Amino acid sequence: MAGSGTIQLRDDDDIVLRVENLVVEFPVGRHQVVHAVSDLSFDVRRGETLGIVGESGCGKSTTARAIVQIPRPTSGTVVLDPGSDREAELTALHGESLREVRPRLQMIFQDPISSLNPRRFVRDIVAEGLAIWQKDHSGPHSQARIDEVLEAVGIDPEVAATRRPHEFSGGQCQRISIARAVALDPEILVCDEPVSALDVSVQAQILNILEDMKQRYGLTLLFISHDLSVVRNVSDRVVVMYLGKICEIGAADTLYSSPAHPYTRVLLASAPEPAPTVDPSDAAIGDEIPSPINPPSGCRFRTRGPRATDLCAAEEPQVQQLGEDHFVACHFPTLG
Amino acid sequence: MNGTVNGQPLLSVTDLRVGFATQRGLVRAVDGVSFDLFAGKTLGIVGESGSGKSVTAKTLMNLLPSYARVEGSVMFDGRDVRELAAQKEKHFWGVEMTMIFQDPMTSLNPVKKVGEQIAESLRVHLGRSRKEARDEAGDLLETVGIPEARKRLSQYPHELSGGLRQRVVIAMALACSPRLLIADEPTTALDVTVQKHILDLLDELREERGMAMILITHDLGVVKGRTDDIMVMYAGRTMEQADTATLFSTMRHPYTEALLETIPRIDMPSHTRLVPIPGRPPDLIDIAPGCPFAPRCRYSVDACVVECPSLEGHGTAHVCACHKPVGTEAGIAARAANEQQGTTPTGLDMGLFEGAGSRSGTGAGN
Ligand SMILES: Nc1ncnc2c1ncn2[C@@H]1O[C@H](COP(=O)(O)OP(=O)(O)OP(=O)(O)O)[C@@H](O)[C@H]1O
Ligand SMILES: Nc1ncnc2c1ncn2[C@@H]1O[C@H](COP(=O)(O)OP(=O)(O)OP(=O)(O)O)[C@@H](O)[C@H]1O
Ligand code: SF4
Ligand SMILES: [Mg+2]
Ligand SMILES: [Mg+2]
């Protein structure tokens, strides 16, 4: 169960982002560390959406932030466009050279309203990024770009020129955040719970917009959410995380129709309308997540896993391949 | 609305209206809501943000600010709840009728040990001694499935996880054996696993104690398996109300249908195009005449803009407020006509719904 390994990485020309052996630790108190992300590896192909799911505290946001190097990971590598002439290993870059690649990775967050500067007009907020990253931001090219992205997310550019964020609803503010990110023409858009704070009716609007933006601008998405249905809907591939470790990774439909990791099965069976592919009894699990300061030995999931044995306590499972695009880290996976 | 139980409903709400006088004008937060709830049953209230779910609950709980204007009647077991409020009856709320909120910290005192918080309610309302109250508090924490319950009595709320905190709040709510428990988004902030445990727990407790429950949520999936009846609210009004099975098998209101279609389901293949509900709910200050959903509705006809539909019966215990109900001849024709036109009488572009439900084109992953 929740384990390590790199066999899930693909040998492919078209990888845009490769995260390898990512570790993020936060020192707390005296000689203690929070093991927020521990030896996590995955890659994302150009144009693909990778979903990351898992319970609160499993390290989803920490992973996202480590990718954009805020803060930098404790160890591991984050490579943009591996193998191409644009290849950049972010953890090795500093100062100006890191600043130069930053626009290639943009992020949007859960709380759309507080992530926008309340004192500025919305159009200026969207222009802000261009102003920072490009010297010719006031040129006609940039102005046209701002209008275009605002229109693409369904915000009237003229209205945006005279209004501030608080005059827009939460859903509209999330559209504005998307426009701001996309204006910079990033390769990768990292979305951390982008619809979690929104009403269900607005959620579909935003998810459809993300899908449209992906098509239109050839974006690659990293999509973080604790909502399993939302993640399946937007993702081509999904990673399930538990306590800083990878449990299972694979093509979205494969993972949902034949979940192999007991934790994936727990999640699918606990959903308000449980997935038909699991049994209600698969949901049986305690509430208490172990502390990431003292994670369990061996497989970190073993204290909650119904199938755990001595082996699980002694040995950390390595990621193994189950199908063409289906990988699991568990000593006793459910085989479809 | 509930025909399955004999005798009197425990709670009977009739034509409830709640307005807030604000600087901008009167906010009609609840605008003519009626329902009955029988002992041992669960009513689900669903609807978008701002539809009046919490205001309805707070009215029942006598938690509205003093500038709220309330009309209509709320009867609890033959007693007029608004009169109890006027008489400042303090052994009613928290005893016979009680409420839990989305954020457990709303109900918890951060600087007081959880054991003391539960015991206090037992002493005040039920006149228990200190020792008795403390013992009972421990029993209650066990009842709600808190591991090592006795040890937790001397912990502070911040020392507990979100799920455990919500269990403590449930224990507090149960302390005086309420007959009605109102749960307002009790699990929205919690992980799916914890959410399931809390909802299972509430179910069990209701069953064991014959308690009635109102479960408020914006998630139709949550109410689907856990309620006897559902009321769908929009702009402070009841749009549709039925027993849960009927509502899901033969929903009549376009808003109910839209809410259901807009949510991705876990068994939908990846990249299934979602059906958005275009636009947003109306401003509750200047509510236009006609149906409040008309500007967003795929079924709307000219009459919808001028004439407000009233609640009408559709079979036993199923009511719906709509001129062109889903699945009826009139509804099917109205939607088809709008599709043909490409737009609705309110100017809604029917193209917004095109391609919905199909798989959208994807990137390299497929
Ligand atoms: N700056 C920090 N200092 C100490 N611990 C931290 C810090 N940031 C995160 N953590 C811890 O790291 C772990 C992972 O946190 P993270 O925010 O990545 O989780 P998450 O999966 O995004 O959860 P959520 O669903 O609640 O957003 C948690 O135990 C968290 O408490
Ligand atoms: N004290 C108040 N003063 C003025 N307006 C109020 C007050 N309380 C609520 N409202 C308004 O009443 C309407 C209904 O609010 P309510 O809180 O009942 O919505 P809800 O259905 O519970 O939404 P949510 O899903 O966001 O919790 C909203 O438009 C809200 O702004
Ligand atoms: S058909 Fe008319 S009455 Fe019915 S919901 Fe739509 S707009 Fe309202
Ligand atoms: Mg997070
Ligand atoms: Mg509410």
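Here the structure is a predicted model, which is why all the values come from computation and not from measurement.

Q: Would you take a moment to explain the sheet that holds strand 6 (residues 105–108) of chain A for this structure?
A: Within a sheet, each strand pairs with its neighbour through backbone hydrogen bonds, oriented either parallel or antiparallel. Residue and element names in this part refer to chain A. Here eight strands make up an open sheet; going across it, the order is 6-7-8-3-9-10-12-11 and the pairing mixed. Edge positions in the sheet fall to strand 6 and strand 11 (320–323), since each has one partner strand and no second. Across the sheet, the axes of successive neighbouring strands diverge by a mean angle of 20°, strand direction being ignored. With respect to the sheet, helix 1 (residues 60–67) is in contact with strand 3 (49–53), strand 6, strand 7 (188–192), strand 8 (220–224) and strand 9 (237–242), its orientation differing from that of strand 8 by roughly 150°.

Q: Honestly, the interface of chain B and chain A in this entry has me stumped. Any pointers?
A: A common way to express how large an interface is: the accessible area buried when the components associate. Taken together, the contact pairs 46 residues of chain B with 48 residues of chain A. Here chain B meets chain A over a buried area of about 3700 Å², counting both sides, of which 52% is carbon and sulfur. Our count for the chain B to chain A interface comes out at two salt bridges. Lys-224 of chain B serves as the salt-bridge partner of Glu-273 of chain A, at 3.3 Å between the closest nitrogen and oxygen. For the pair chain B and chain A, the number of links is 19 residue pairs in polar contact (both at pLDDT 80 or more). Counting residues per element, the ones that place at least two in the side of chain B that touches chain A are helix 6 (162–174), helix 7 (192–209), helix 8 (220–224) and helix 10 (254–262) of chain B. Sort the elements by how many residues they give to the side of chain B that touches chain A and helix 7 of chain B lands first, with six residues. Its residues assigned to classes, the side of chain B that touches chain A comprises 16 nonpolar, 18 polar and 12 charged.

Q: Help me understand the site of ligand 3, please; the structure alone is not making it clear to me.
A: In the neighbourhood of ligand 3, 13 residues make up the surrounding shell, with Cys-291, Cys-297, Cys-304, Cys-322 and His-323 of chain B lying closest. Looking at the shell around ligand 3 residue by residue, the class counts come to nine nonpolar, three polar and one charged.

Q: Looking at this structure, how should I read unusual backbone geometry?
A: That bond from Ile-70 of chain A to Pro-71 of chain A is cis: its omega, -5°, falls within 30 degrees of zero. Structurally, Pro-71 of chain A can be placed in the loop between helix 1 and strand 4 (75–80). A positive phi angle, near 50°, is found at Asp-77 of chain B, a position not held by glycine. In this structure, Asp-77 of chain B sits in the loop between strand 4 (68–76) and strand 5 (79–80). We classify Asp-77 of chain B as partly exposed; its relative accessible area is 41%. At Ser-177 of chain B, a residue that is not glycine, the phi angle is positive and equals roughly 50°. Following the sequence through the fold, Ser-177 of chain B ends up in the loop between helix 6 and strand 7 (180–184). Ser-177 of chain B sits in the partly exposed class, given a relative accessible area of 48%.

Q: Can you walk me through the nonpolar core in this structure?
A: Nonpolar side chains tend to gather and get buried jointly when the protein is soluble and globular. Counting residues in each nonpolar core, the largest one holds 68 residues, and the members touching the most others are Ile-178, Leu-189, Leu-210, Met-213 and Leu-228 of chain A. Ranked by the residues each element gives to this core, the list is headed by helix 7 (residues 200–217) of chain A, at eight residues. Grouped together as the second largest cluster of nonpolar side chains are 65 residues, Val-55, Leu-60, Phe-248 and Phe-293 of chain B included.

Q: Could you clarify how one ought to interpret the domain arrangement of chain B in this entry?
A: Residue and element names in this part refer to chain B. Each assigned domain of chain B is listed with its residue range as follows: domain 1 (5–231) and domain 2 (251–268 + 275–353). Domain 1 puts 12 residues into the contact, and the matching count from domain 2 is 11 residues. By the criterion of area lost to domain 2, the three top residues of domain 1 are Arg-24, Glu-48 and Leu-220, representing 53% of everything that side buries. The salt bridge partner of Asp-283 is Arg-24, with a shortest N-O separation of 2.7 Å. Summed over the shared surface of domain 1 and domain 2, the number is four residue pairs in polar contact (both at pLDDT 80 or more). Among the elements that take part in the side of domain 1 that touches domain 2, strand 2 (residues 25–37) stands out by supplying five residues, more than any other.

Q: Would you mind going over the pairing of strand 7 of chain A with me for this structure?
A: Every other side chain in a regular strand lies on the same face of the sheet, so the side chains alternate between the two faces. Residues and elements named next belong to chain A. Counting buried positions over the five residues of strand 7 gives five, a clear majority of the element. Residues Ile-188, Val-190 and Asp-192 line one face of strand 7 and the alternating positions Leu-189 and Cys-191 line the opposite face, and both faces are buried. Bridge count for strand 6 against strand 7 is four bridges, and the pairing is parallel. Note that in strand 7 the partner of Met-107 across the bridge is Val-190. As paired elements, strand 7 and strand 8 share five bridges and run parallel to each other. Its bridge partner lying in strand 8, Val-190 is registered against Leu-222.

Q: Got a minute to help me understand the side chain of Gln-195 of chain B in this structure?
A: Considering the arrangement of structural elements, one finds Gln-195 of chain B in helix 7. Those residues within four positions of Gln-195 of chain B in sequence are excluded, and the remaining contacts are Pro-272 of chain A together with Thr-187, Leu-190 and Val-222 of chain B.

Q: How should I be thinking about the packing of aromatic side chains in this particular structure?
A: If you walk through the whole model with that rule in mind, you get nine aromatic pairs over all chains. The rings of Tyr-242, Tyr-263 and Phe-301 of chain A are connected pair by pair, giving a single aromatic cluster. The positively charged end of Lys-224 of chain B is found above the aromatic ring belonging to Phe-248 of chain B, 4.9 Å away from the centroid. Directly above the ring of Phe-353 of chain B sits Arg-298 of chain B, whose terminal nitrogen or CZ lies 4.9 Å from the centroid.

Q: Is there a simple way to explain the site of ligand 2 in this structure?
A: Residues and elements named next belong to chain B. For ligand 2, the set of nearby residues contains 15 residues, the closest of which are Ser-49, Gly-50, Lys-53, Ser-54 and Val-55. At a separation of 3.0 Å, an oxygen atom of ligand 2 approaches a polar backbone atom of Gly-52. Contacts to ligand 2 include Lys-53, whose side-chain N or O atom sits 2.8 Å from an oxygen atom. Relative to its unbound accessible surface of 640 Å², ligand 2 loses 67% to contact with the protein. For the shell around ligand 2, the secondary structure elements donating two or more residues are strand 1 (11–22) and helix 1 (53–60).

Reading guide: rules and limits
- Residues numbered from 1 in each chain as written.
- Chains lettered and ligands numbered in written order.
- Predicted model: local features only at pLDDT ≥ 70, side-chain atom pairs only at ≥ 80, totals over all residues.
- Heavy atoms only, no water.
- Pairing = 2+ DSSP bridges.
- Helix = DSSP H or I, 4+ residues; strand = E, 2+ residues; numbered from the N terminus.
- Axes fitted to C-alpha atoms, helices over the stretch in contact; angles between N-to-C directions.
- Contact = heavy atoms within 4.5 Å.
- Buried area = accessible area lost by both parts, 1.4 Å probe.
- Salt bridge = Lys/Arg side-chain N within 4 Å of Asp/Glu carboxyl O.
- Polar contact = N/O pair within 3.5 Å; in protein donor to acceptor, adjacent residues only side chain to side chain.
- Nonpolar A, V, L, I, M, F, W, Y, C, P; charged D, E, K, R; others polar.
- Near = heavy atom within 4 Å.
- Buried < 20%, exposed > 50% of the residue type's maximum accessible area, 1.4 Å probe, protein only.
- Core = buried A, V, L, I, M, F, W, Y, C linked by side-chain atoms within 4.5 Å.
- Domains from an automatic or database assignment.
- Phe/Tyr/Trp six-rings, centres within 6.5 Å; stacked < 30°, edge-to-face > 60°.
- Lys NZ or Arg CZ within 6 Å of the ring centre and 35° of its normal.
- Areas by Shrake-Rupley, 256 points an atom, 1.4 Å probe, with all protein chains shown as cover.

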